[in-house]
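One-letter residues, chain by chain:
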Amino acid sequence: MVLAEVARGTPLEPYVKSGKDAIKGEHRDRVTVSRGCTLTDTANLEEALGSLSLSDPRWDYAIGWNALESDNCCFVEVHPANTRHVDDVVRKKMAAMKLLVQHAPGMLDTADRTRRRTKQSAWHWITTDAHVDIHPNMPVWRKLRQAGMSRPVRRLELR
């Protein structure tokens, strides 16, 4: 259990669940793992971070998985994806980072190791829209990259 280990003794510990149990039912099928990987646990960051700060915008989930004998962690926001939502999602990421640095730095450390190992962002945006309205040639794409986030996708496969 990747997240359970890094959240032990932190205010996030009660929000970590096995498998996809911390992810809302309507969002569960949007996250998968590739062959040879095992999704170990998830955390409902929206609830956890809300208990720490009522006024900050909240990121949705943290996901832990094993791949090639490595513990991995990333963060997932499920949100409509069009250009007018970019600032909202970036604000959520920044607020989540601030609270994670204070309350669960081990989770951020694991996500950073995952980012370096996979050469992919640890902050993912899954869109609820039928199509993605943000493309790499758009100025808002640069804003997402600068914030360390991936482009919105309909489904996320973790490797």
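Here the structure is shown first, and the text comes after it.
Residue indices begin from 1 for each chain and proceed along its sequence in written order. Local features in a predicted model are, by the rule used here, given only for residues with pLDDT of at least 70; side-chain atom pairs are given and counted only at 80 or more, and totals for whole chains, interfaces and linings are based on all residues. Excluding hydrogens and water, the side-chain figures rest on all heavy atoms present in the structure.

Peer 1: Any chance you could break down the nonpolar core for me, citing the residues and the numbers?
Peer 2: Among buried residues, those of type Ala, Val, Leu, Ile, Met, Phe, Trp, Tyr and Cys that are joined through side-chain atoms within 4.5 Å constitute a nonpolar core. We call a residue buried when its accessible area falls under 20% of the maximum for its residue type, exposed when it is over 50%, and partly exposed in between, using a 1.4 Å probe and counting protein chains only. Ranked by size, the top nonpolar core spans 33 residues in total, and within it Leu-45, Phe-75, Met-107, Trp-123 and Met-149 carry the most contacts. Counting residues per element, the ones that place at least two in this core are helix 1 (2-7), helix 2 (45-52), strand 5 (70-78), helix 3 (86-103), helix 4 (105-118), strand 6 (123-126) and helix 5 (139-146). In this analysis, two residues are considered to be in contact whenever any of their non-hydrogen atoms come within 4.5 Å of each other. Apart from the residues within four sequence positions on either side, Met-149 is in contact with Trp-59, Val-89, Val-90, Lys-93, Ser-121, Trp-123, Trp-125, Trp-141 and Leu-144. Listed in part, the 14 residues of the second largest apolar core include Tyr-61, Trp-65, Ala-67 and Cys-74. Only runs of H or I of at least four residues qualify as helices and only runs of E of at least two qualify as strands under DSSP, and these elements are numbered from the N terminus.

Peer 1: Explain the environment of Leu-99 to me, and be specific about the residues and the numbers.
Peer 2: Structurally, Leu-99 can be placed in helix 3. On the accessibility criterion, Leu-99 (6% relative accessible area) is buried. Along the backbone, Leu-99 and Ala-81 are 18 residues apart, and their C-alpha atoms lie at a distance of 24 Å. Discounting chain neighbours no more than four positions away, the residues touching Leu-99 are Leu-49, Leu-52, Ser-53, Asp-56 and Ala-104.

Peer 1: Explain the pattern of salt bridges residue by residue, including any values.
Peer 2: The rule for a salt bridge is simple: a side-chain nitrogen of Lys or Arg has to be within 4 Å of a carboxyl oxygen of Asp or Glu. Scanning the entire structure with this criterion turns up eight salt bridges. The closest approach of N and O atoms between Arg-91 and Asp-88, which form a salt bridge, is 2.6 Å. Separated by three residues within a single helix, Arg-91 and Asp-88 lie in helix 3, roughly one turn from each other. Looking at Arg-91, the relative accessible area reads 47%, which means it is partly exposed. A salt bridge links Asp-112 to Arg-115, with the nearest nitrogen and oxygen atoms 2.7 Å apart.

Peer 1: Got a sec to walk through the sheet that holds strand 5? Specific residues and values, please.
Peer 2: Pairing between sheet strands relies on hydrogen bonds along the backbone, with the strands arranged either parallel or antiparallel. Two strands form a pair only when DSSP identifies at least two bridges running between them. Here five strands make up an open sheet; going across it, the order is 1-3-4-5-6 and the pairing mixed. Each end of this open sheet is capped by a strand with a single partner; those strands are strand 1 (16-18) and strand 6. Pairs of neighbouring strands in the sheet enclose a mean axial angle of 30°, with direction left out of account. Taken together, the seven bridges between strand 3 (residues 37-44) and strand 4 (residues 61-67) define a ladder with antiparallel strand orientation. Along strand 4, the bridge assignment pairs Ala-43 with Ala-62. Packing of helix 2 onto the sheet brings it into contact with strand 3, strand 4 and strand 5, and relative to strand 3 it is tilted by some 35°. Here an angle of 0 to 180 degrees is reported between the N-to-C directions of two axes, which are lines fitted to C-alpha atoms, with helices fitted over the stretch in contact.

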